[in-house]
Amino acid sequence: SPCAPLPPPLPPSAPLPPFPFKASSAISGPSSADSHDQDTLIKLHWQKMAAKNDSVFTQIDKSHLKIDLDSAEIQKYFTRKSVKVTKALKTTSNGKKTTFLDQGLSMNSGIFLRQGGLKPEKVASLIESGQLGKLKVTQVKNLQMLVKKAEAMKIGEKFKSFKGDGTDLQEPDQLFFHIFAVPDYSLRLTVACLNNELEERANDIRKNLNIIMSAAREIVSSEKISQIFQLILMIGNILNSGSLHGNASGFKISSLSKVMGTQTAKPGFKLSHLLISKMEEVQPELLHLSSDLPSLKQASRMSLDDVIGQAEALQVTVTEVSTSLAKASQHLKEEATSIVEEAKTVSDQLMDLAGQTKSKCKAAVEYFGEDSKKFKIQELLQEFSTFLESHGKALCIQTMSMAIIPAILCLG
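Nothing here was measured: the structure is a model prediction, and the numbers come from that model.

Draft legend 1. Quick look at the environment of Leu-380. Assignment of secondary structure puts Leu-380 in helix H15 (residues 377–411). Using a relative accessible area of 0% as the deciding quantity, one classes Leu-380 as buried. Sequence-distant contacts of Leu-380, that is, excluding residues within four places in its chain, are made with Ile-219, Ile-253, Ala-364, Val-365, Phe-368 and Phe-375.

Draft legend 2. Geometry of the packing of aromatic side chains. Considering all chains together, one arrives at twelve aromatic pairs under this definition. Ring centres of Phe-162 and Phe-177 lie 6.3 Å apart, and the angle between their planes is 85°; this geometry places the pair in the edge-to-face category. Taken together, the residues span a long stretch of sequence, with Phe-162 in the loop between helix H6 (155–160) and helix H7 (171–179) and Phe-177 in helix H7 at a distance of 15 residues. Its relative accessible area of 15% is what places Phe-162 among the buried residues. Under the relative-accessibility criterion, Phe-177 is labelled buried at 18%. An aromatic cluster is defined as three or more aromatic residues linked by ring pairs; in this entry it consists of Phe-100, Phe-159, Phe-162, Phe-176, Phe-177, Phe-180 and Tyr-185.

Draft legend 3. How the structure looks around helix H8 (residues 185–221). Under the 1.5 Å per step criterion, the end-to-end length of H8 is 52 Å for 37 residues, consistent within 8% with the ideal 54 Å. The sharpest bend along H8 measures roughly 50° and falls at Glu-197.

Draft legend 4. Spatial organisation of the pattern of salt bridges. Applying the stated criterion across every chain yields a total of twelve salt bridges. We note a salt bridge from Glu-171 to Lys-119, for which the minimum N-O separation is 3.7 Å. One end of the pair, Glu-171, is in helix H7; the other, Lys-119, is in the loop between helix H3 (103–116) and helix H4 (120–128), with 52 residues separating them in the sequence. Using a relative accessible area of 32% as the deciding quantity, one classes Glu-171 as partly exposed. Across the pair Lys-224 and Asp-292 runs a salt bridge, and its minimum N-O distance is 3.1 Å.

What counts and how
Residues numbered from 1 in each chain as written. Predicted model: local features only at pLDDT ≥ 70, side-chain atom pairs only at ≥ 80, totals over all residues. Heavy atoms only, no water. Helix = DSSP H or I, 4+ residues; strand = E, 2+ residues; numbered from the N terminus. Buried < 20%, exposed > 50% of the residue type's maximum accessible area, 1.4 Å probe, protein only. Contact = heavy atoms within 4.5 Å. Phe/Tyr/Trp six-rings, centres within 6.5 Å; stacked < 30°, edge-to-face > 60°. Expected span 1.5 Å × (residues − 1). Bend = angle between axes of the 7 residues up to and from the residue. Salt bridge = Lys/Arg side-chain N within 4 Å of Asp/Glu carboxyl O.

Take a look at the structure:
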């Protein structure tokens, strides 16, 4: 039979009104009554801007077009249903032992035990008996870091709700289960690390402070530097004669690198090269500036603030341990008092040396005309290190050219 005729097409729907509209309380967002504890409303991550005259947004404000939007309908399109995820504790069902640790801490703790051939009970026993010295220094440090991470994750709190002797826990969990049962375990670990690291930390800090102080002393006491600066100043005043920069009585050290890199009219020939040739004419000893500054290169790579920060960090550790020790058991006091007293003596000595270094560096910065509150010793040493490097390169080129010219003359 013939197919039934198709129904006539639907009339076209009315065009949608333009969307811009002035925000009102009706569409400002869901009220507390409409909010859902388990749902998340997707936000529009736009960048707000202030209203500007004659912008499209001011035209919106002037529009008489009224738009009514159903807030609930709009929110329905942009509401993401949230599913509350509860991490189930692994239990001993199906033969699996319980764990409270995340994957990373569990793995690292397992590695610590396996590499050292250690058992959790043994580690806790070494801590309690003050025999952590039987472990390697790196092992004690790694153990302290693992314990701090477990503390941050509040694993100890979770163990309080666990009923058992620890045998039902996975081996990495057993490590912390037994350690957290040791009185003052954290203090004992800190004392052990302090005892292990004190000499090395103190030697590094002392060495670096001495290097920086030596470099500051060297640049101030070098007669060659003052003579070279006199030469630079004379050349600069000749070049700047008649300008605002002329007739100078000195120049900022912060501009030293820029000055030395000034290109002459001769291609590839800079002020540093001219300075070398003038040194050779005036006083050849100036060419050997590096002999006056043996500590400069190494010191220029250091930060005085960082080194002093290390000394201060050691002092804070010693103070905290000393305070905690006053509240500890008598047995622990007897074990740790001599360690802490030695650490305090060393720390006080380092802080005295840090103060001397800081004072010497401040004097060096001011000696070269800079403001010690704004210009740090690192900047000063780096400027001189760069200057010394350009000085060496220019000297090398000068030496090579002096060797090549006679050879060319001989060939001619």
